[in-house]
Amino acid sequence: MNSNTIVENLKKEIDNFSLQLKVEKVGQVIEVFDGIAKVSGLSDIKSSEMVTFPNGEVGVALNLEEDAVGVIILGDFSKIKEGDEVKATGKILEIPVGDSILGRVVNAIGAPIDGKGAIKASKTYPIEKVAPGVVTRQSVDQAVATGIKVIDAIIPIGRGQRELIIGDRQTGKTAIAIDAILNQKGQNMICVYVSIGQKDSKLRKLGARLEAGGAMDYTVIVSAGASEAASMSYIAPYAGVSIAEYFMDQGKDVLIIYDDLSKHAVAYREISLLLRRPPGREAYPGDVFYLHSRLLERACRRNAKYGGGSITALPIVETQAGDVSAYIPTNVISITDGQIFLETDLFYKGIRPAVNVGLSVSRVGSSAQIKGMKKVAGTLKLDLAQFRELEAFAQFGSDLDESTKKQLERGKRAVEVLKQLQYSPMKIENQIVTLYALTKGLMDDVSIDKIKEFEQGLIEYSERHAKTFYKEIKESKMWTDKGEVELKKVIGDFKMGFSK
(Lines give C-alpha, C1' and ligand atoms only; values in the text may rest on other atoms or scores of the structure.)
Protein backbone atom coordinates (compact mmCIF):
# COMPACT_ATOMS: atom_id res chain seq x y z
CA MET A 1 0.00 0.00 0.00
CA ASN A 2 1.59 3.34 -1.08
CA SER A 3 1.84 6.44 1.07
CA ASN A 4 -0.92 8.30 -0.87
CA THR A 5 -3.47 5.56 -0.10
CA ILE A 6 -2.53 5.60 3.59
CA VAL A 7 -2.98 9.41 3.71
CA GLU A 8 -6.37 9.18 1.96
CA ASN A 9 -7.58 6.47 4.38
CA LEU A 10 -6.46 8.55 7.33
CA LYS A 11 -8.30 11.60 5.93
CA LYS A 12 -11.48 9.52 5.49
CA GLU A 13 -11.27 8.24 9.08
CA ILE A 14 -10.73 11.78 10.39
CA ASP A 15 -13.72 13.07 8.37
CA ASN A 16 -15.96 10.22 9.63
CA PHE A 17 -14.87 10.60 13.26
CA SER A 18 -17.57 12.16 15.45
CA LEU A 19 -17.05 12.98 19.07
CA GLN A 20 -19.87 11.85 21.39
CA LEU A 21 -19.78 13.36 24.82
CA LYS A 22 -21.47 11.50 27.65
CA VAL A 23 -21.85 13.33 30.92
CA GLU A 24 -22.23 11.22 34.06
CA LYS A 25 -22.62 12.37 37.62
CA VAL A 26 -20.26 10.12 39.54
CA GLY A 27 -19.61 9.89 43.27
CA GLN A 28 -17.74 7.60 45.62
CA VAL A 29 -18.83 5.48 48.57
CA ILE A 30 -17.17 6.80 51.74
CA GLU A 31 -19.04 4.57 54.21
CA VAL A 32 -21.45 1.62 53.99
CA PHE A 33 -23.39 -0.10 56.80
CA ASP A 34 -26.80 -1.75 57.46
CA GLY A 35 -28.32 -0.98 54.05
CA ILE A 36 -27.10 2.65 54.06
CA ALA A 37 -24.28 4.18 51.99
CA LYS A 38 -22.71 7.59 52.52
CA VAL A 39 -21.63 8.95 49.13
CA SER A 40 -19.47 11.99 48.31
CA GLY A 41 -19.22 13.87 45.02
CA LEU A 42 -22.91 13.88 43.99
CA SER A 43 -23.47 17.57 44.67
CA ASP A 44 -26.43 18.20 42.32
CA ILE A 45 -28.46 15.03 42.94
CA LYS A 46 -32.22 15.24 43.59
CA SER A 47 -34.07 13.76 46.58
CA SER A 48 -35.44 10.24 45.83
CA GLU A 49 -33.19 10.01 42.74
CA MET A 50 -32.00 6.53 41.74
CA VAL A 51 -28.28 5.74 41.84
CA THR A 52 -26.45 2.63 40.63
CA PHE A 53 -23.53 0.75 42.17
CA PRO A 54 -20.85 -1.26 40.26
CA ASN A 55 -22.38 -4.65 41.16
CA GLY A 56 -25.77 -3.67 39.67
CA GLU A 57 -27.50 -2.82 42.96
CA VAL A 58 -29.82 0.20 42.99
CA GLY A 59 -30.04 2.88 45.68
CA VAL A 60 -32.18 5.93 46.43
CA ALA A 61 -30.83 9.28 47.62
CA LEU A 62 -32.70 10.15 50.82
CA ASN A 63 -30.44 12.45 52.85
CA LEU A 64 -28.94 15.45 51.04
CA GLU A 65 -26.23 16.93 53.27
CA GLU A 66 -23.56 19.53 52.55
CA ASP A 67 -20.62 17.16 52.25
CA ALA A 68 -22.31 13.80 51.52
CA VAL A 69 -25.47 12.09 50.31
CA GLY A 70 -27.22 9.41 52.40
CA VAL A 71 -28.34 6.59 50.07
CA ILE A 72 -30.60 3.67 51.02
CA ILE A 73 -29.64 0.48 49.18
CA LEU A 74 -32.48 -1.55 47.63
CA GLY A 75 -31.01 -5.02 47.75
CA ASP A 76 -27.86 -6.72 49.04
CA PHE A 77 -25.52 -4.12 50.55
CA SER A 78 -22.85 -6.70 51.52
CA LYS A 79 -21.28 -6.53 48.02
CA ILE A 80 -20.81 -2.73 48.20
CA LYS A 81 -17.55 -1.45 49.70
CA GLU A 82 -15.83 1.85 50.44
CA GLY A 83 -14.34 3.50 47.37
CA ASP A 84 -16.93 2.05 44.95
CA GLU A 85 -18.08 4.33 42.16
CA VAL A 86 -21.70 5.52 42.37
CA LYS A 87 -23.55 6.89 39.32
CA ALA A 88 -26.61 9.14 39.47
CA THR A 89 -29.26 8.16 36.91
CA GLY A 90 -31.10 11.50 36.78
CA LYS A 91 -34.40 9.61 37.30
CA ILE A 92 -36.65 9.58 40.34
CA LEU A 93 -37.24 6.01 41.58
CA GLU A 94 -39.89 4.43 39.37
CA ILE A 95 -41.47 1.02 38.93
CA PRO A 96 -42.78 -0.83 35.84
CA VAL A 97 -46.59 -0.93 35.53
CA GLY A 98 -49.04 -2.42 33.04
CA ASP A 99 -52.07 -4.69 32.68
CA SER A 100 -49.78 -7.75 32.63
CA ILE A 101 -48.97 -7.19 36.33
CA LEU A 102 -52.42 -8.50 37.34
CA GLY A 103 -52.27 -11.89 39.03
CA ARG A 104 -48.57 -11.49 39.87
CA VAL A 105 -46.49 -11.19 43.05
CA VAL A 106 -43.81 -8.49 42.80
CA ASN A 107 -41.24 -7.01 45.18
CA ALA A 108 -41.00 -3.35 46.23
CA ILE A 109 -39.28 -2.30 42.99
CA GLY A 110 -41.72 -4.15 40.70
CA ALA A 111 -39.59 -7.23 39.94
CA PRO A 112 -41.56 -10.52 39.85
CA ILE A 113 -40.91 -12.94 42.76
CA ASP A 114 -43.51 -15.61 41.96
CA GLY A 115 -41.37 -17.65 39.56
CA LYS A 116 -43.74 -17.05 36.63
CA GLY A 117 -41.22 -15.25 34.44
CA ALA A 118 -40.74 -11.61 33.45
CA ILE A 119 -43.55 -9.04 33.35
CA LYS A 120 -44.00 -7.10 30.10
CA ALA A 121 -44.53 -3.58 31.43
CA SER A 122 -46.08 -0.97 29.15
CA LYS A 123 -44.72 2.03 31.09
CA THR A 124 -43.11 3.13 34.35
CA TYR A 125 -44.59 5.25 37.15
CA PRO A 126 -42.62 7.22 39.78
CA ILE A 127 -43.21 5.85 43.27
CA GLU A 128 -43.48 9.34 44.79
CA LYS A 129 -46.19 11.58 43.39
CA VAL A 130 -48.13 14.61 44.58
CA ALA A 131 -51.66 13.58 45.64
CA PRO A 132 -54.55 14.68 43.37
CA GLY A 133 -55.82 18.19 44.20
CA VAL A 134 -59.23 19.10 45.62
CA VAL A 135 -60.55 20.30 42.21
CA THR A 136 -59.97 16.86 40.65
CA ARG A 137 -61.85 14.97 43.37
CA GLN A 138 -65.44 13.90 43.75
CA SER A 139 -67.39 13.13 46.90
CA VAL A 140 -67.64 9.49 47.99
CA ASP A 141 -71.11 8.06 47.34
CA GLN A 142 -70.58 4.60 45.80
CA ALA A 143 -70.32 1.56 48.05
CA VAL A 144 -67.44 -0.90 48.26
CA ALA A 145 -69.22 -4.12 49.23
CA THR A 146 -66.92 -6.07 51.58
CA GLY A 147 -69.41 -8.91 52.11
CA ILE A 148 -68.93 -8.54 55.88
CA LYS A 149 -72.30 -7.76 57.50
CA VAL A 150 -71.03 -5.64 60.40
CA ILE A 151 -69.00 -3.43 58.02
CA ASP A 152 -71.50 -3.07 55.17
CA ALA A 153 -74.32 -2.32 57.63
CA ILE A 154 -72.69 -0.18 60.34
CA ILE A 155 -69.27 1.06 59.10
CA PRO A 156 -69.81 1.36 55.32
CA ILE A 157 -66.84 1.91 53.01
CA GLY A 158 -67.18 3.98 49.83
CA ARG A 159 -65.08 4.10 46.65
CA GLY A 160 -62.30 6.63 47.23
CA GLN A 161 -62.40 6.36 51.04
CA ARG A 162 -59.51 5.62 53.42
CA GLU A 163 -60.77 3.32 56.19
CA LEU A 164 -58.30 2.19 58.85
CA ILE A 165 -58.40 -1.37 60.24
CA ILE A 166 -56.89 -1.22 63.72
CA GLY A 167 -56.44 -3.68 66.57
CA ASP A 168 -54.00 -5.87 68.49
CA ARG A 169 -52.13 -8.73 66.81
CA GLN A 170 -54.17 -11.85 66.04
CA THR A 171 -57.58 -10.16 66.12
CA GLY A 172 -58.47 -10.76 62.46
CA LYS A 173 -57.28 -7.56 60.74
CA THR A 174 -55.82 -9.31 57.67
CA ALA A 175 -58.86 -11.64 57.55
CA ILE A 176 -61.16 -8.61 56.99
CA ALA A 177 -58.89 -7.35 54.20
CA ILE A 178 -58.77 -10.76 52.49
CA ASP A 179 -62.56 -11.18 52.71
CA ALA A 180 -62.94 -7.72 51.14
CA ILE A 181 -60.67 -8.78 48.23
CA LEU A 182 -62.53 -12.09 47.75
CA ASN A 183 -65.85 -10.22 47.64
CA GLN A 184 -64.72 -7.99 44.73
CA LYS A 185 -65.20 -10.85 42.25
CA GLY A 186 -67.53 -9.52 39.56
CA GLN A 187 -67.68 -6.06 41.23
CA ASN A 188 -65.43 -4.37 38.61
CA MET A 189 -62.71 -3.62 41.17
CA ILE A 190 -58.96 -4.24 40.91
CA CYS A 191 -57.17 -5.09 44.17
CA VAL A 192 -53.60 -4.40 45.31
CA TYR A 193 -52.38 -6.10 48.48
CA VAL A 194 -49.17 -4.64 49.95
CA SER A 195 -47.43 -6.96 52.42
CA ILE A 196 -44.93 -5.07 54.61
CA GLY A 197 -42.52 -7.02 56.81
CA GLN A 198 -44.72 -10.16 56.89
CA LYS A 199 -43.44 -13.73 57.14
CA ASP A 200 -42.99 -15.50 53.80
CA SER A 201 -45.15 -18.40 55.04
CA LYS A 202 -48.06 -16.03 55.77
CA LEU A 203 -47.75 -14.49 52.29
CA ARG A 204 -47.67 -17.93 50.64
CA LYS A 205 -50.82 -18.98 52.54
CA LEU A 206 -52.57 -15.73 51.63
CA GLY A 207 -51.65 -16.08 47.94
CA ALA A 208 -52.99 -19.65 47.90
CA ARG A 209 -56.24 -18.48 49.53
CA LEU A 210 -56.75 -15.75 46.89
CA GLU A 211 -55.87 -18.22 44.13
CA ALA A 212 -58.45 -20.71 45.46
CA GLY A 213 -61.12 -17.98 45.60
CA GLY A 214 -60.40 -16.91 42.00
CA ALA A 215 -59.29 -13.48 43.24
CA MET A 216 -55.77 -13.43 41.72
CA ASP A 217 -57.30 -12.63 38.30
CA TYR A 218 -57.88 -9.04 39.48
CA THR A 219 -55.25 -8.78 42.25
CA VAL A 220 -51.59 -7.71 42.48
CA ILE A 221 -49.49 -8.59 45.54
CA VAL A 222 -46.56 -6.30 46.40
CA SER A 223 -44.31 -7.90 48.98
CA ALA A 224 -41.44 -6.65 51.15
CA GLY A 225 -40.71 -9.65 53.37
CA ALA A 226 -39.49 -9.73 56.97
CA SER A 227 -36.13 -11.08 55.77
CA GLU A 228 -35.53 -8.16 53.36
CA ALA A 229 -33.82 -4.86 54.09
CA ALA A 230 -35.80 -2.09 55.84
CA SER A 231 -35.46 0.01 52.67
CA MET A 232 -37.73 -2.43 50.80
CA SER A 233 -40.42 -2.20 53.53
CA TYR A 234 -40.17 1.60 53.31
CA ILE A 235 -40.61 1.65 49.51
CA ALA A 236 -43.31 -1.08 49.22
CA PRO A 237 -46.52 0.94 50.00
CA TYR A 238 -45.51 3.70 47.57
CA ALA A 239 -44.86 1.08 44.88
CA GLY A 240 -48.30 -0.42 45.59
CA VAL A 241 -50.12 2.90 45.27
CA SER A 242 -48.24 3.68 42.02
CA ILE A 243 -49.58 0.41 40.56
CA ALA A 244 -53.05 1.41 41.79
CA GLU A 245 -52.69 4.86 40.17
CA TYR A 246 -51.89 3.24 36.82
CA PHE A 247 -55.30 1.50 36.88
CA MET A 248 -57.06 4.61 38.26
CA ASP A 249 -55.67 6.62 35.34
CA GLN A 250 -57.56 4.23 33.06
CA GLY A 251 -60.81 5.14 34.87
CA LYS A 252 -60.91 1.94 36.93
CA ASP A 253 -61.73 1.46 40.61
CA VAL A 254 -58.97 0.03 42.81
CA LEU A 255 -58.93 -1.33 46.37
CA ILE A 256 -55.50 -1.18 48.05
CA ILE A 257 -54.59 -2.78 51.38
CA TYR A 258 -51.45 -1.82 53.35
CA ASP A 259 -50.62 -4.67 55.75
CA ASP A 260 -49.41 -3.03 57.90
CA LEU A 261 -48.36 0.59 58.38
CA SER A 262 -46.95 -0.05 61.89
CA LYS A 263 -44.15 -2.13 60.33
CA HIS A 264 -43.77 0.54 57.64
CA ALA A 265 -43.20 3.22 60.31
CA VAL A 266 -40.72 0.96 62.15
CA ALA A 267 -38.75 0.44 58.90
CA TYR A 268 -38.67 4.20 58.31
CA ARG A 269 -37.55 4.79 61.90
CA GLU A 270 -34.70 2.30 61.39
CA ILE A 271 -33.58 4.03 58.18
CA SER A 272 -33.85 7.51 59.75
CA LEU A 273 -31.83 6.58 62.82
CA LEU A 274 -29.12 5.01 60.64
CA LEU A 275 -29.04 8.23 58.60
CA ARG A 276 -28.49 10.12 61.90
CA ARG A 277 -31.77 12.03 61.68
CA PRO A 278 -32.85 13.43 65.05
CA PRO A 279 -35.39 11.18 66.81
CA GLY A 280 -38.69 12.50 68.19
CA ARG A 281 -41.58 10.87 70.08
CA GLU A 282 -41.13 7.08 70.50
CA ALA A 283 -37.80 7.54 68.59
CA TYR A 284 -39.70 8.11 65.31
CA PRO A 285 -38.34 10.94 63.11
CA GLY A 286 -40.22 14.24 62.96
CA ASP A 287 -41.65 13.59 59.49
CA VAL A 288 -43.32 10.25 60.29
CA PHE A 289 -46.77 11.88 59.96
CA TYR A 290 -45.84 13.08 56.46
CA LEU A 291 -44.64 9.55 55.68
CA HIS A 292 -48.22 8.25 55.94
CA SER A 293 -50.18 11.36 54.93
CA ARG A 294 -48.48 11.63 51.53
CA LEU A 295 -49.22 7.93 50.99
CA LEU A 296 -52.88 7.88 52.07
CA GLU A 297 -53.82 11.19 50.39
CA ARG A 298 -53.14 9.51 47.04
CA ALA A 299 -56.32 7.46 47.60
CA CYS A 300 -59.30 9.39 46.22
CA ARG A 301 -62.23 9.33 43.83
CA ARG A 302 -61.63 11.47 40.75
CA ASN A 303 -64.42 13.26 38.93
CA ALA A 304 -65.35 12.48 35.32
CA LYS A 305 -63.57 15.59 33.97
CA TYR A 306 -60.25 14.23 35.27
CA GLY A 307 -60.77 10.69 34.02
CA GLY A 308 -62.86 9.16 36.82
CA GLY A 309 -61.58 6.10 38.63
CA SER A 310 -60.86 5.74 42.33
CA ILE A 311 -58.46 4.27 44.86
CA THR A 312 -59.98 2.99 48.11
CA ALA A 313 -57.38 2.42 50.82
CA LEU A 314 -57.64 0.01 53.75
CA PRO A 315 -54.51 0.66 55.83
CA ILE A 316 -53.91 -1.73 58.74
CA VAL A 317 -52.29 -0.62 62.00
CA GLU A 318 -51.38 -2.87 64.92
CA THR A 319 -51.92 -1.62 68.49
CA GLN A 320 -50.23 -2.77 71.68
CA ALA A 321 -52.74 -3.86 74.37
CA GLY A 322 -55.54 -1.93 72.63
CA ASP A 323 -53.78 1.43 73.01
CA VAL A 324 -55.20 3.62 70.22
CA SER A 325 -53.56 6.71 71.77
CA ALA A 326 -50.02 5.62 70.77
CA TYR A 327 -48.12 7.72 68.25
CA ILE A 328 -48.63 5.84 64.95
CA PRO A 329 -52.30 4.84 65.61
CA THR A 330 -53.32 8.45 66.43
CA ASN A 331 -51.44 9.74 63.37
CA VAL A 332 -53.16 7.34 60.98
CA ILE A 333 -56.59 7.78 62.64
CA SER A 334 -56.31 11.54 62.00
CA ILE A 335 -55.44 11.00 58.30
CA THR A 336 -58.12 8.40 57.46
CA ASP A 337 -61.91 8.73 57.01
CA GLY A 338 -62.79 6.41 59.87
CA GLN A 339 -61.61 3.22 61.52
CA ILE A 340 -62.70 -0.36 62.12
CA PHE A 341 -61.53 -1.20 65.65
CA LEU A 342 -61.01 -4.89 66.44
CA GLU A 343 -60.99 -5.89 70.11
CA THR A 344 -59.17 -8.84 71.68
CA ASP A 345 -61.88 -9.46 74.31
CA LEU A 346 -64.59 -9.78 71.64
CA PHE A 347 -62.36 -12.09 69.61
CA TYR A 348 -61.89 -14.48 72.54
CA LYS A 349 -65.62 -14.37 73.34
CA GLY A 350 -66.21 -15.83 69.87
CA ILE A 351 -67.63 -12.62 68.38
CA ARG A 352 -65.88 -12.63 65.01
CA PRO A 353 -65.20 -10.37 63.19
CA ALA A 354 -64.31 -8.83 66.57
CA VAL A 355 -65.47 -5.30 65.63
CA ASN A 356 -66.08 -2.91 68.50
CA VAL A 357 -69.08 -1.04 67.09
CA GLY A 358 -68.78 1.79 69.67
CA LEU A 359 -65.19 2.74 68.76
CA SER A 360 -65.54 2.08 65.02
CA VAL A 361 -66.74 4.83 62.71
CA SER A 362 -67.06 5.65 59.02
CA ARG A 363 -66.82 9.39 58.36
CA VAL A 364 -68.44 8.88 54.96
CA GLY A 365 -71.39 7.25 56.70
CA SER A 366 -74.57 6.10 54.99
CA SER A 367 -73.77 8.06 51.78
CA ALA A 368 -71.66 5.01 50.84
CA GLN A 369 -74.59 2.61 51.29
CA ILE A 370 -77.31 1.56 48.89
CA LYS A 371 -80.81 2.78 49.87
CA GLY A 372 -82.03 -0.66 50.91
CA MET A 373 -79.12 -1.23 53.30
CA LYS A 374 -79.45 2.30 54.69
CA LYS A 375 -83.08 1.62 55.56
CA VAL A 376 -82.55 -1.70 57.39
CA ALA A 377 -79.29 -0.72 59.13
CA GLY A 378 -80.33 2.78 60.20
CA THR A 379 -80.96 1.98 63.88
CA LEU A 380 -78.63 -1.00 64.20
CA LYS A 381 -75.57 0.89 65.52
CA LEU A 382 -77.65 2.69 68.17
CA ASP A 383 -79.34 -0.59 69.18
CA LEU A 384 -75.97 -2.29 69.63
CA ALA A 385 -74.48 0.63 71.58
CA GLN A 386 -77.51 0.67 73.94
CA PHE A 387 -77.29 -3.11 74.29
CA ARG A 388 -73.62 -2.89 75.39
CA GLU A 389 -74.57 -0.39 78.14
CA LEU A 390 -77.64 -2.35 79.27
CA GLU A 391 -75.61 -5.58 79.26
CA ALA A 392 -73.16 -4.11 81.78
CA PHE A 393 -76.07 -2.78 83.88
CA ALA A 394 -77.99 -6.10 83.76
CA GLN A 395 -75.01 -7.97 85.25
CA PHE A 396 -75.89 -6.53 88.65
CA GLY A 397 -78.99 -8.75 88.59
CA SER A 398 -81.52 -6.05 89.43
CA ASP A 399 -85.13 -6.37 88.24
CA LEU A 400 -85.53 -5.09 84.70
CA ASP A 401 -88.67 -3.69 83.14
CA GLU A 402 -90.23 -5.31 80.07
CA SER A 403 -88.88 -2.82 77.47
CA THR A 404 -85.30 -3.21 78.83
CA LYS A 405 -85.57 -7.00 78.66
CA LYS A 406 -86.84 -6.71 75.09
CA GLN A 407 -83.90 -4.46 74.15
CA LEU A 408 -81.42 -6.90 75.70
CA GLU A 409 -82.92 -9.84 73.81
CA ARG A 410 -82.86 -7.91 70.51
CA GLY A 411 -79.21 -6.90 71.17
CA LYS A 412 -78.16 -10.50 71.82
CA ARG A 413 -79.70 -11.54 68.51
CA ALA A 414 -78.04 -8.64 66.69
CA VAL A 415 -74.61 -9.72 68.03
CA GLU A 416 -75.31 -13.29 66.89
CA VAL A 417 -76.45 -12.20 63.41
CA LEU A 418 -73.34 -10.05 62.88
CA LYS A 419 -71.01 -12.98 63.57
CA GLN A 420 -69.53 -14.32 60.35
CA LEU A 421 -67.08 -17.06 59.42
CA GLN A 422 -63.83 -16.12 57.70
CA TYR A 423 -63.69 -16.45 53.88
CA SER A 424 -67.49 -16.42 53.61
CA PRO A 425 -68.45 -12.95 52.34
CA MET A 426 -72.21 -12.46 51.92
CA LYS A 427 -74.08 -10.88 49.01
CA ILE A 428 -75.67 -7.51 49.81
CA GLU A 429 -79.21 -8.78 49.01
CA ASN A 430 -78.82 -11.62 51.54
CA GLN A 431 -77.49 -9.18 54.15
CA ILE A 432 -80.56 -6.97 53.66
CA VAL A 433 -82.95 -9.93 54.10
CA THR A 434 -81.22 -11.00 57.35
CA LEU A 435 -81.08 -7.49 58.80
CA TYR A 436 -84.70 -6.81 57.79
CA ALA A 437 -85.81 -9.87 59.78
CA LEU A 438 -83.66 -8.73 62.74
CA THR A 439 -84.63 -5.04 62.90
CA LYS A 440 -88.35 -5.68 62.32
CA GLY A 441 -88.38 -8.01 65.34
CA LEU A 442 -89.08 -11.12 63.27
CA MET A 443 -86.23 -12.98 65.00
CA ASP A 444 -87.19 -12.00 68.56
CA ASP A 445 -88.89 -15.35 69.22
CA VAL A 446 -86.03 -17.46 67.78
CA SER A 447 -83.73 -18.88 70.48
CA ILE A 448 -80.16 -17.50 70.50
CA ASP A 449 -78.49 -20.85 69.78
CA LYS A 450 -80.62 -21.30 66.62
CA ILE A 451 -80.08 -17.82 65.13
CA LYS A 452 -77.30 -18.96 62.77
CA GLU A 453 -79.34 -21.93 61.58
CA PHE A 454 -82.39 -19.66 61.13
CA GLU A 455 -80.35 -17.11 59.15
CA GLN A 456 -78.88 -19.73 56.80
CA GLY A 457 -82.27 -21.35 56.20
CA LEU A 458 -84.00 -17.99 55.69
CA ILE A 459 -81.50 -16.90 53.03
CA GLU A 460 -81.87 -20.15 51.07
CA TYR A 461 -85.68 -20.01 51.36
CA SER A 462 -85.87 -16.30 50.40
CA GLU A 463 -83.66 -16.74 47.32
CA ARG A 464 -86.17 -19.30 46.04
CA HIS A 465 -89.45 -17.61 47.03
CA ALA A 466 -88.85 -13.81 47.37
CA LYS A 467 -87.85 -13.28 43.73
CA THR A 468 -89.62 -9.92 43.36
CA PHE A 469 -87.80 -8.51 46.43
CA TYR A 470 -84.40 -9.73 45.21
CA LYS A 471 -85.04 -8.36 41.71
CA GLU A 472 -85.93 -4.92 43.13
CA ILE A 473 -82.78 -4.78 45.31
CA LYS A 474 -80.54 -5.76 42.38
CA GLU A 475 -82.11 -3.31 39.93
CA SER A 476 -83.09 -0.22 41.97
CA LYS A 477 -81.09 -0.82 45.23
CA MET A 478 -84.38 -0.42 47.15
CA TRP A 479 -87.62 -2.37 47.63
CA THR A 480 -91.21 -1.33 46.88
CA ASP A 481 -94.27 -2.02 49.04
CA LYS A 482 -95.02 -5.02 46.82
CA GLY A 483 -91.55 -6.46 47.44
CA GLU A 484 -91.78 -5.84 51.19
CA VAL A 485 -95.18 -7.59 51.44
CA GLU A 486 -93.69 -10.57 49.58
CA LEU A 487 -90.64 -10.70 51.90
CA LYS A 488 -92.76 -10.51 55.06
CA LYS A 489 -94.92 -13.38 53.80
CA VAL A 490 -91.81 -15.43 52.89
CA ILE A 491 -90.27 -14.88 56.36
CA GLY A 492 -93.61 -15.82 57.98
CA ASP A 493 -93.89 -18.98 55.88
CA PHE A 494 -90.30 -19.96 56.70
CA LYS A 495 -90.84 -19.42 60.45
CA MET A 496 -93.89 -21.68 60.44
CA GLY A 497 -91.75 -24.57 59.22
CA PHE A 498 -88.73 -23.75 61.44
CA SER A 499 -88.40 -25.35 64.88
CA LYS A 500 -87.43 -22.46 67.18
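Values in this document were obtained by computation on a predicted structure and should not be read as measured data.

Conventions we followed
- All residue numbers here refer to positions counted from 1 along the written sequence of the relevant chain.
- Residues qualify for local features only when their pLDDT is at least 70, as the model is predicted, and side-chain atom pairs are given and counted only at 80 or more; totals for whole chains, interfaces and linings, by contrast, use all residues.
- Each side-chain value is derived from all of the structure's non-hydrogen atoms; neither hydrogens nor water enter the calculation.
- Following DSSP output, two strands are said to pair if at least two bridges run between them.
- A helix here means a DSSP run of H or I that spans at least four residues, while a strand means a run of E at least two residues long, and both kinds are numbered starting from the N terminus.
- To qualify as a nonpolar core, a set must consist of buried Ala, Val, Leu, Ile, Met, Phe, Trp, Tyr and Cys residues joined through side-chain atoms within 4.5 Å.
- Only protein chains enter the accessibility calculation, which uses a 1.4 Å probe. A residue is then buried if its area is under 20% of the maximum for its type, exposed if over 50%, and partly exposed in between.
- The domain limits used here are those given by an automatic or database domain assignment.
- Contacts are residue-level and defined by heavy atoms, with any inter-residue pair within 4.5 Å sufficient.
- UniProt positions are given in the numbering used here, feature names are shortened, and annotations may be inferred rather than shown by experiment.
- Throughout this description, the term salt bridge denotes a Lys or Arg side-chain nitrogen within 4 Å of a carboxyl oxygen of Asp or Glu.

1. Quick look at the sheet that holds strand β8 (residues 105–106)
Reading across from one edge, β8-β12-β11-β13-β14-β10-β15-β16 is the order of the eight strands in this open sheet, with mixed pairing throughout. Unpaired on one side and paired on the other, β8 and β16 (361–362) mark the two borders of the sheet. With six bridges joining them, strand β11 (residues 189–196) and strand β12 (residues 219–224) adopt parallel strand pairing. Bridged to Val194 within β12 is Val222.

2. Brief notes about the nonpolar core
Among the nonpolar cores identified, the biggest contains 74 residues, and Ile154, Ile181, Leu210, Ile340, Leu380, Leu435 and Phe469 are the most heavily contacted of them. Counting the residues that make up this core, at least three belong to each of domain 2 (96–369) and domain 3 (373–498). Contact partners of Phe469, with chain neighbours within four places excluded, come to Ile432, Val433, Trp479, Gly483, Glu484, Glu486 and Leu487. Ranked by size, the runner-up nonpolar core spans 65 residues in total, among them Val106, Ile166, Val194 and Ile196.

3. A look at the pairing of strand β3 (residues 49–52)
Of the strand pairs in this sheet, β3 and strand β6 (residues 85–92) are connected by three bridges, and their pairing is antiparallel. Bridging across to β6, Val51 finds its partner in Ala88. Hairpin geometry of β3 and strand β4 (residues 58–64) is characterised by an intervening segment of five residues between the two adjacent antiparallel strands and by a positive phi of about 95° at Gly56.

4. Observations concerning the UniProt feature "domain: ATPase F1/V1/A1 complex alpha/beta subunit nucleotide-binding" (unreviewed entry) in the protein chain
When the UniProt feature table is mapped onto this chain numbering, "domain: ATPase F1/V1/A1 complex alpha/beta subunit nucleotide-binding" (unreviewed entry) sits at residues 147–362. As annotated, residues 147–362 comprises 39% helix and 19% strand, and the C-alpha atoms at either end are separated by 16 Å.

5. Observations regarding the pattern of salt bridges
One pass over the structure, following the stated rule, counts 23 salt bridges. The salt bridge partner of Glu94 is Lys91, with a shortest N-O separation of 3.8 Å. On the basis of relative accessible area, Glu94 is assigned to the partly exposed category, the value being 24%. Judged by its relative accessible area of 43%, Lys91 is partly exposed. Between Arg302 and Asp249 there is a salt bridge, with the nearest N and O atoms lying 2.7 Å from each other. Of this pair, Arg302 sits in the loop between α7 (288–296) and β14 (310–318) while Asp249 is found in the loop between α5 (230–248) and β13 (253–259), placing the two residues 53 residues apart along the sequence. Judged by its relative accessible area of 14%, Arg302 is buried. Connected through salt bridges with shared partners, the residues Arg137, Arg162, Glu297 and Asp337 form a single ionic network.

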